[in-house]
Amino acid sequence: MFTSIRWRIILPYTLLVILSVAGVGFYLNNILYQTQLQTLQERLTDDALLIGNSLLETLEDEEVWQIINDSSAHWAELIGGRVTIIATDGTVLGESHQDFAQMENHLNRPEIRDALNNGFGSHIRYSQTVKYDMLYVALPVKQGATILGFVRVSLPLNEIEARQAQSRTTVFTTMLVAASLGILLSVFIALRVTRPLQWLTQEARQMTQGGMLRHIPSSRQDEVGQLTQAFNALVEKLDSQIRALQSERGKLVSVLAQMTDGVVIADGDGRIILINVAAERMFKTPSESAIGCTVAQILRHHQWIELWERCRQTEQEQFDMLELPRQDIFIQGIALPLGDALPEHILMLFQDLTRIRRLETVRRDFISNISHELRTPLASLKALVETLRSGALDDPPAAQRFLYHMETEVDALAHMVSELLELSRIESGQVPLKLKSASPRKLLAKAQERLSVQAERSKLTISLDCPKKLPRVRVDKPRLGQVLMNLLHNAIKFTPSSGSIILSAQAQDDVILFYVQDTGRGIPADDLPRVFERFYKIDPARSTGGTGLGLAVARHLVEAHGGKIWVESVEGEGSTFYFTIPILQSPEQ
Ligand code: ADP
């Protein structure tokens, strides 16, 4: 408590006030005492002079010395003190308060000796006779230069002391009031000086506990005022720096949150200090429980732990790839030392390349499939041309047959190119849809009608299973017809004779769910996710007809209508292709 500035001001101040007041009080008290003593001394001197003068004649004549004792008593009564008349040899000739005959020689009394030597003697001492302090004043009684005797007048000092006690009380009270005022003043000054400091301390404390940054009002120009101004300037600077930091942090947090790559920062001990949302998802750990854990606890996979360890040891950027074929996951990890920005800290970046990998596979397969699709007709064209050249031209009926084959191949090629072109136009949104209200049932019926001959030829039954009252949809009829035709065409193509095909539609929430179900050969589970890719064919020999573009076209057209397409299939039992189209109309009347 006493270490505070307030007490450091109050205590010395109080001490100073008490000491100076006590000093002044003591001094005053002393002066008062001395003044009273001097006044008394002067009065006694006057009295002694008066008595001496009146005794001049009596002292000259030894015959009349016996009256001296009586006069002493008389004078003592008049002056209210004690009077002693002493002869030059020290014999007491008269005494107002005692029997003078019993009194010893007084020549050695200090006041008498002083009176003899200096013409005046004064002494204070304790009187054994009256039992308290007495002030003695002695004067020689002189006739010319001859000393006839001494007059000694004395008074008890208890009277002065009583008066002194009174004035001491007054002085003490005054001093006490002065000291109290002085102490109060010191407290006031201390409070005035320390209050802004206290505010400053409180504010600084609040700020360290996360409170708001505030200005402290101050109109003072002294050092405390300057300190407050400096503090306010500091607050302003801090405030702007905190704002700048917050905005930087906000940017960083949003960048990290939006990043699809996982970001993890570990300190020198391998403890996680930052993990972004993507990394949380990748390692299936929420950031609250990940922070403070070790790299091994969070990244788990030994390859990533080794990557971190390598980077820590070499202090160089390190890469690694993690492939989990079963989960179809392919991740690239990069570990970077953060250098001077954060010494010993390592930033780890995890890029999920699964999608890119898949796209690469799709692209590779696409190129190989398209080459395959082109190679067959081109090879047969080349063979036909060679056959014609090597003599078949001379055989007109054979030449006609070859030309017919060549035309078929060229038509197939042209058909494929136009399908491909159409697909890329749909994909790039260059085919505007002419949306019109349509009945789902009528759409299905039309597709059924168009392919019924083909189905009959393949000895298949196509049945329509669709409620009459279904909400209408807004579709581009020829395009949606094409989707249904592609699906139905496949169902016919891949279903052995005497199989059955069901065309159906039903309302589901805010969509109409269409589906084409067959009892055909089905699709292997591994191929299911890929059948909608361009040129994708399940048959590795690509022996079945078709370009492999039908389902890709169907998917793009359904998506252009705001719907989704998928397939469910069991190999050997049949397939069901589903697609949805959003409902836009009230139910069919
Ligand atoms: P294609 O012109 O070869 O029929 P699609 O894109 O229409 O091309 O079909 C791609 C592949 O999907 C086909 O080659 C076939 O292997 C498989 N497929 C499509 N529909 C069916 C079905 N209903 N039953 C079995 N397999 C099917």
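Structure shown above.
Residues numbered from 1 in each chain as written. Predicted model: local features only at pLDDT ≥ 70, side-chain atom pairs only at ≥ 80, totals over all residues. Heavy atoms only, no water.

> How should I be thinking about the environment of Leu513 in this particular structure?
Of note, Leu513 is situated in strand β15 (residues 511–518). On a C-alpha basis, the gap between Leu513 and Pro529 in space is 20 Å, while along the polypeptide they are 16 residues apart. Setting aside residues up to four positions removed in sequence, Leu513 forms contacts with Ser504, Ala505, Gln506, Gln508, Trp566, Tyr578, Phe579 and Thr580. (Helix = DSSP H or I, 4+ residues; strand = E, 2+ residues; numbered from the N terminus. Contact = heavy atoms within 4.5 Å.)

> For this particular structure, what's the right way to read unusual backbone geometry?
For residues other than glycine, phi is negative in most cases, and the peptide bonds are mostly trans. Its identity as a non-glycine residue notwithstanding, Lys284 has a phi of 50°, on the positive side. Note that Lys284 resides in the loop between α7 (277–283) and α8 (287–290). Owing to a relative accessible area of 71%, Lys284 belongs among the exposed residues under this scheme. Of note in this structure, Asp509 is not a glycine but carries a positive phi near 50°. Structurally, Asp509 can be placed in the loop between β14 (500–508) and β15. (Buried < 20%, exposed > 50% of the residue type's maximum accessible area, 1.4 Å probe, protein only.)

> Where do I start with the packing of aromatic side chains in this structure?
What characterises a pair of aromatic rings is the spacing of the ring centres plus the angle enclosed by the ring planes. Inspection of the entire model under this criterion finds seven aromatic pairs. With centroids separated by 5.0 Å and ring planes inclined at 80°, the aromatic side chains of Phe283 and Phe350 adopt a geometry described as edge-to-face. One end of the pair, Phe283, is in helix α7; the other, Phe350, is in strand β10 (residues 346–352), with 67 residues separating them in the sequence. Each member of the pair, Phe283 together with Phe350, is buried. When the centroid spacing of 5.2 Å and the interplanar angle of 45° are considered together, the rings of Phe366 and Phe535 count as tilted. Here the residue Phe366 occupies a position in helix α11 (residues 354–389), and Phe535 occupies one in the loop between β15 and α15 (550–560), the gap between them amounting to 169 residues. An aromatic cluster is defined as three or more aromatic residues linked by ring pairs; in this entry it consists of Phe283, Trp304 and Phe350. Seen from the ring of Phe330, Arg357 lies directly overhead, with NZ or CZ sitting 3.9 Å from the centre. Directly above the aromatic system of Phe366 lies the positively charged group of Arg534, at a separation of 5.0 Å from the ring centroid. (Phe/Tyr/Trp six-rings, centres within 6.5 Å; stacked < 30°, edge-to-face > 60°. Lys NZ or Arg CZ within 6 Å of the ring centre and 35° of its normal.)

> Explain the sheet that holds strand β4 (residues 133–143) to me, please; I cannot follow it from the model alone.
Sheets are built from strands paired through backbone hydrogen bonds, the pairs being either parallel or antiparallel. If you trace the five strands from one edge of the open sheet to the other, you get β2-β1-β5-β4-β3, paired in antiparallel fashion. Each edge of the open sheet carries a strand with a single partner, namely β2 (92–95) and β3 (121–126). Looking at each pair of strands side by side, their axes are set apart by 20° on average, direction ignored. In this structure, strand β1 (residues 82–87) lies alongside β2, joined through three bridges in antiparallel fashion. Within β2, the position partnered with Ile85 by the bridge is Gly94. Of the strands in this sheet, β1, β2 and β5 (146–156) are in contact with helix α3 (residues 68–79), which crosses β2 at around 40°. (Pairing = 2+ DSSP bridges. Axes fitted to C-alpha atoms, helices over the stretch in contact; angles between N-to-C directions.)

> Quick question: what am I supposed to make of the site of the ligand here?
Taken together, 21 residues lie around the ligand, and Asn490, Lys493, Asp518, Gly548 and Leu551 are the ones closest in. Taking Lys493, its side chain carries an N or O atom lying 3.1 Å from an oxygen atom of the ligand. At 2.8 Å from an oxygen atom of the ligand is found a main-chain nitrogen or oxygen belonging to Leu551. Contact with the protein chains hides 97% of the accessible area of the ligand, taken as 530 Å² for the molecule alone. Of all elements in the fold, only α14 (477–493), α15 and β17 (574–587) reach the threshold of two or more residues within the shell around the ligand. For the shell around the ligand, the element with the highest residue contribution is α14, accounting for three residues. Among the residues making up the shell around the ligand, the classes are represented as nine nonpolar, eight polar and four charged. (Near = heavy atom within 4 Å. Polar contact = N/O pair within 3.5 Å; in protein donor to acceptor, adjacent residues only side chain to side chain. Areas by Shrake-Rupley, 256 points an atom, 1.4 Å probe, with all protein chains shown as cover. Nonpolar A, V, L, I, M, F, W, Y, C, P; charged D, E, K, R; others polar.)

> Help me understand the sheet that holds β10, please; the structure alone is not making it clear to me.
The antiparallel open sheet is built from five strands, whose spatial order is β7-β6-β10-β9-β8. This sheet does not close on itself; its edge strands, each paired only once, are β7 (272–275) and β8 (318–324). Averaged over all neighbouring strand pairs, the angle between strand axes comes to 20°, with direction disregarded. Sheet strands in contact with helix α10 (residues 302–314) are β6 (262–266), β8, β9 (329–337) and β10, and its direction is about 175° off that of β8.

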